[in-house]
Amino acid sequence: MSQIAHWAVFIDNTSDKEYLIDSLFNPDMPKGFEELKGASGALFSKLMLERFIDEEDRHDTKIITSGTVQSLKTMSSGEQKKALLNYILENNPDFIVLDNPFDNLDIASQAELKERLEHISDTTSLVQLISRKRDLLPFIDSFARLEKRVLTFYDDDASAHTFRNAINFMGAIPSPIKQLKFDGDTLIDLRGINVSYSGKPILKAINWKIKKGEFWQLVGKNGSGKTTILSMITGENPKGYGQELYLFGIKKGSGESVWDIKKHIGYFTPSMTDKFTGYHSLEHMLISGLNDSIGLYVRPTEIQLKVAQQWLMLMDMWHMKDVHFHDLTMGQKRMVMCVRAMIKHPLLLILDEPTAGLDDQSAAMFVALVNKFAKESDTAIVFVSHRKEEDLEPDYIYELNTSKQGSIGKVQ
Ligand SMILES: Nc1ncnc2c1ncn2[C@@H]1O[C@H](COP(=O)(O)OP(=O)(O)OP(=O)(O)O)[C@@H](O)[C@H]1O
């Protein structure tokens, strides 16, 4: 109906997305986007949100949440995205670059955002940077693919999207250097846990036992309290004090240190990767997972080098062992950081929205790796995800269902 132009640019593991974003905000505009020359643009992305969160934190001001009491940092992903879109629209841009807008959103919020974008598309040009094909906005009719820094335009979405398939891991998961000791069977035990913030109930009487070697998926709508539960499990949330919360056999608040808990846990969330800027080789990044530090400050032992080699061979990355982590593609960085979290075979591995921002190919590879790890190790896994990762094979699903009294948990 409208004459407004819209684009989808398929991004994969190799794409230099930051370069494209920069050029879309440069007066020269990349080839194919000449219609946007001289137009005012805005960026809707996770990175923008992180910048606003930092700004708000540093200056103790509110920029995009000025109409609310709550700070941006403490909002759920869905709430943050809504706040950012409202802020962008107040400034009436001619075009909006949407960097994987549906990541981290639950199904209802995705549908709501899709509808809003459809409405906005009548008056504003949209450039969707897209990693997962099913996210494609239906009104878009120009398609491109970004490989490294090269943009190629195609007649249809199917040609612009690549999926190479073939996920080949060579051999079994390497054994741990030393098996972490834990005598009991139940790693995490939440008994009737309640959490509320400023009088607003978030979690209601949560009962959840995670036992050795179990593979869990944690699901729930935006704002249902998934991050809050994770902060209970990692011992970081002070609201755990005085409650029946048992972490690796120790009741929260009985003199344990955060370190006592953390040493049992491997943790991965994409923002860890995206913020990391050190110059370390791929091999050293992996080995640092054995020392619980980022980067490597002590000389690795022979056995550590051997285990890193086995993992790199499994992932077909051995030939890249000396490459700087910094120079890897985003998908490769994620894989490396995930393996880094696994390498010591923690008692519990927490993966918080690990596939957000990954293209279909990388996400499939990531899911296959996690399934393999679940099968071949004694580590318990909690995989938090909104998306249906069709190929994920959890033993159980823990679902949070919101209610006025706070979210109630259910094992599916
Ligand atoms: N420190 C805090 N102060 C006030 N409210 C908070 C705080 N932390 C979380 N909340 C609120 O608690 C609710 C649950 O947030 P949480 O981040 O745990 O949800 P979530 O399920 O992880 O959401 P998402 O999937 O969007 O990341 C949200 O409404 C959030 O705004």
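Keep in mind the model is a prediction, meaning the values are calculated, not measured.

Overview of the overall build of the chain
Part 1 of the argument: A count of helical and extended segments in the chain gives 12 helices and 16 strands.
Part 2 of the argument: If one aligns the C-alpha atoms of the chain with their principal axes, the spans along those axes are about 65 × 55 × 40 Å.
Part 3 of the argument: Buried positions account for 42% of the 412 residues belonging to the chain.
Part 4 of the argument: The long-range share in the chain, meaning contacts at least 24 apart out of those at least 6 apart in sequence, stands at 70%.

Quick word on the site of the ligand
Part 1 of the argument: Looking at the ligand, there are 18 residues lining it, with Thr74, Ser76, Ser77, Asn222 and Thr227 nearest.
Part 2 of the argument: Put simply, the parts of the chain that give the shell around the ligand at least two residues each are helix H3 (77-90) and helix H6 (226-233).
Part 3 of the argument: The class makeup of the residues in the shell around the ligand is three nonpolar, 13 polar and two charged.
Part 4 of the argument: Among the domains, domain 1 (6-160) and domain 2 (186-411) are the pair contributing at least three residues each to the shell around the ligand.

So, the sheet that holds strand S10 (residues 244-247)
Part 1 of the argument: An order of S8-S7-S10-S11 is seen for the four strands of this open sheet, with the pairing classed as antiparallel. At either margin of the open sheet sits one strand with a lone partner, and together these are strand S8 (200-211) and strand S11 (250-251).

Observations concerning the environment of isoleucine 202
Part 1 of the argument: Considering the arrangement of structural elements, one finds isoleucine 202 in strand S8.
Part 2 of the argument: Overall, isoleucine 202 belongs to the buried group, with 21 C-beta atoms counted inside 10 Å.
Part 3 of the argument: With 87 residues separating them in the primary sequence, isoleucine 202 and glutamate 115 have C-alpha atoms 27 Å apart.
Part 4 of the argument: For isoleucine 202, the residues in contact, after removing those within four places along its chain, are Val195, Ser196, Tyr197, Gly225, Thr228, Gly406 and Ser407.

Re the packing of helix H11 (residues 330-342) against helix H12 (residues 360-376)
Part 1 of the argument: Between H11 and H12, the least distance of the axes is 10 Å, while the angle of their chain directions is 10°. Judged by the angle between their axes, H11 and H12 are roughly parallel. Regarding H11 and H12, the two cross each other, and that crossing is right-handed. The residues of H12 that touch H11, namely those facing Gly331, Arg334, Met335, Cys338 and Met342, are Ser362, Phe366, Leu369 and Phe373.
Part 2 of the argument: Of the residues belonging to the contact of H11 with H12, the class tally is six nonpolar, two polar and one charged.

Quick notes on the confidence of the model for the chain
Part 1 of the argument: Per-residue pLDDT for the chain has a mean of 88; in total, 95% of the residues score no lower than 70.
Part 2 of the argument: Both scores are given for the predicted complex: the pTM is 0.80, the ipTM 0.96.

Describing the domain arrangement of the chain
Part 1 of the argument: By domain assignment, the chain separates into domain 1 (6-160) and domain 2 (186-411).
Part 2 of the argument: Between domain 1 and domain 2, the C-alpha centre-to-centre distance is 27 Å.
Part 3 of the argument: If you look at the interface, domain 1 gives 18 residues, while domain 2 gives 16 residues.
Part 4 of the argument: Of all the elements in the fold, those that place two or more residues in the side of domain 1 that touches domain 2 are H3 and helix H4 (107-120).
Part 5 of the argument: Here the element with the most residues in the side of domain 1 that touches domain 2 is H3; it accounts for three residues.

Focus on the environment of arginine 299
Part 1 of the argument: With respect to the helices, strands and loops of the structure, arginine 299 is situated in the loop between helix H9 (282-291) and helix H10 (302-314).
Part 2 of the argument: For arginine 299 and glycine 225, which are 74 residues apart along the polypeptide, the C-alpha to C-alpha distance reads 41 Å.

Here's the deal with unusual backbone geometry
Part 1 of the argument: Unusually for a residue other than glycine, asparagine 104 sits at a positive phi of about 70°.
Part 2 of the argument: On the secondary structure map, asparagine 104 appears in the loop between strand S3 (95-99) and H4.
Part 3 of the argument: Judged by the 24 C-beta atoms lying within 10 Å of it, asparagine 104 falls in the buried class.
Part 4 of the argument: With a phi angle near 50°, lysine 148 is a residue other than glycine that sits in the positive phi range.
Part 5 of the argument: Within the fold, lysine 148 resides in the loop between strand S5 (142-147) and strand S6 (150-154).

Remarks on the pairing of strand S13 (residues 348-352)
Part 1 of the argument: Extensive coverage of S13 is indicated by the burial of five of its five residues.
Part 2 of the argument: Both faces of S13 are covered, namely the face carrying Leu348, Ile350 and Asp352 and the face carrying Leu349 and Leu351.
Part 3 of the argument: Relative to strand S14 (residues 380-384), S13 runs parallel, the two being bridged by five bridges. Looking at the pairing, leucine 348 lines up with alanine 380 of S14.
Part 4 of the argument: One crossover worth recording links S13 to the parallel S14 by way of H12, and it is right-handed.

Overview of H10
Part 1 of the argument: Over its 13 residues, H10 extends 18 Å from the first C-alpha to the last, a length consistent with the 18 Å expected when each residue adds 1.5 Å.
Part 2 of the argument: Among all positions in H10, only Gln304, Val307, Ala308, Trp311 and Leu312 are buried. The arc enclosing the buried residues of H10, seen along the axis, measures out at 135°, which places them on a common side. Residues of H10 that are exposed and point more than 90 degrees away from the buried face comprise Glu302, Ile303 and Lys306.
Part 3 of the argument: Among the structural elements, H9 and H11 are those in contact with the buried residues of H10.

Basis of the calculations
Residues numbered from 1 in each chain as written. Predicted model: local features only at pLDDT ≥ 70, side-chain atom pairs only at ≥ 80, totals over all residues. Helix = DSSP H or I, 4+ residues; strand = E, 2+ residues; numbered from the N terminus. Buried ≥ 20, exposed ≤ 12 C-beta atoms within 10 Å, placed from the backbone. Contact = placed C-beta atoms within 7 Å. Near = placed C-beta within 6 Å. Nonpolar A, V, L, I, M, F, W, Y, C, P; charged D, E, K, R; others polar. Domains from an automatic or database assignment. Pairing = 2+ DSSP bridges. Axes fitted to C-alpha atoms, helices over the stretch in contact; angles between N-to-C directions. Parallel < 35°, antiparallel > 145°, perpendicular 65-115°, else oblique. Left-handed = near helix turned anticlockwise from the far one by under 90°. pLDDT = per-residue confidence, 0-100. Right-handed = clockwise from strand over helix to strand, strands pointing away. Expected span 1.5 Å × (residues − 1). Arc of directions from axis to C-beta.

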